[in-house]
Amino acid sequence: MRILPLVTALGMSVLLSACVEYGKPPEKTTGAQDYNDYCAACHGPTGQGDGGTAGTFAKKPADLSTLAARNKGTFPTTKVMAQIWGYAGKKGKGVMPDFAPLLEGDTVPYDGGDGIATPTPIRLVELAEYLKTLQVK
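Report follows, based on the coordinates. (Residues numbered from 1 in each chain as written. Predicted model: local features only at pLDDT ≥ 70, side-chain atom pairs only at ≥ 80, totals over all residues. Heavy atoms only, no water.)

**A short note on helix 5 (residues 122–133)**
- The terminal C-alpha atoms of helix 5 lie 17 Å apart, and with twelve residues this matches the ideal 16 Å at 1.5 Å per residue to within 8%.
- Of all the positions in helix 5, only R123, L124, V125, E126, L127, A128 and L131 are classed as buried. (Helix = DSSP H or I, 4+ residues; strand = E, 2+ residues; numbered from the N terminus. Expected span 1.5 Å × (residues − 1). Buried < 20%, exposed > 50% of the residue type's maximum accessible area, 1.4 Å probe, protein only.)

If you want it as structure tokens, here you go:
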């Protein structure tokens, strides 16, 4: 019978609708908001590694405002995204947490500078794009 899939789909939609506050659209985040929520405590409001918790670490958090300057004037987008996502090969070896679970969700095709548009979580793209705005001239 084909009624079971329909009943299952209707039941799931009712359950899912209970998870979203009625009349309120899902929260939309921005790169700036995610930076302030997850990065600024360590890296500081301008990315210079001087956040409120920076003094609690044995090694000062990275100065994110000089990433482009330290890379011959080019912002290392793919490397930065890998570090944020947790693909940089340092899982469990440093103090920076793996933010992958926080950045899951919708993806967009994004070319990080290698000429290949890869499906990338939109929040990760927005965060990397925001970090570009923190670069010192």
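**Topic: empty space enclosed by the protein**
- Inspection of every chain in the model, using the stated rule, returns one cavity of 30 Å³ or more.
- When its volume is computed, the largest cavity comes out at roughly 40 Å³.
- Taken together, D34, Y38, C39, I84, F99, L103 and L127 make up the lining of the largest cavity.
- Here the lining of the largest cavity is composed, by residue class, of six nonpolar, no polar and one charged. (1 Å grid on protein atoms, 1.4 Å probe; cavity = no way out; pocket = protein on both sides within 12 Å on 5 of 7 lines; lining within 4 Å. Points joined across faces, edges and corners; volume = space filled by probe spheres on them. Nonpolar A, V, L, I, M, F, W, Y, C, P; charged D, E, K, R; others polar.)

**Description of the nonpolar core**
- Ranked by size, the top nonpolar core spans 21 residues in total, and within it Y35, I84 and L131 carry the most contacts.
- At five residues, the largest contribution of residues to this core is made by helix 5. (Core = buried A, V, L, I, M, F, W, Y, C linked by side-chain atoms within 4.5 Å.)

**Here's the deal with unusual backbone geometry**
- Even without being a glycine, K72 presents a positive backbone phi close to 55 degrees.
- Inspection of the secondary structure assignment puts K72 in the loop between helix 3 (40–43) and helix 4 (77–85).

**Quick look at helix 4**
- What helix 4 keeps buried is the set T77, V80, M81, I84 and W85. When helix 4 is viewed along its axis, its buried side chains cluster within an angular range of 125 degrees and face the same direction.
- In this fold, the buried residues of helix 4 make contact with strand 1 (107–111), strand 2 (117–121) and helix 5.
- In the segment just after helix 4, G86 is the residue with positive phi, at about 110 degrees. (Arc of directions from axis to C-beta. Contact = heavy atoms within 4.5 Å.)

These values are about where atoms sit, not about what they do.
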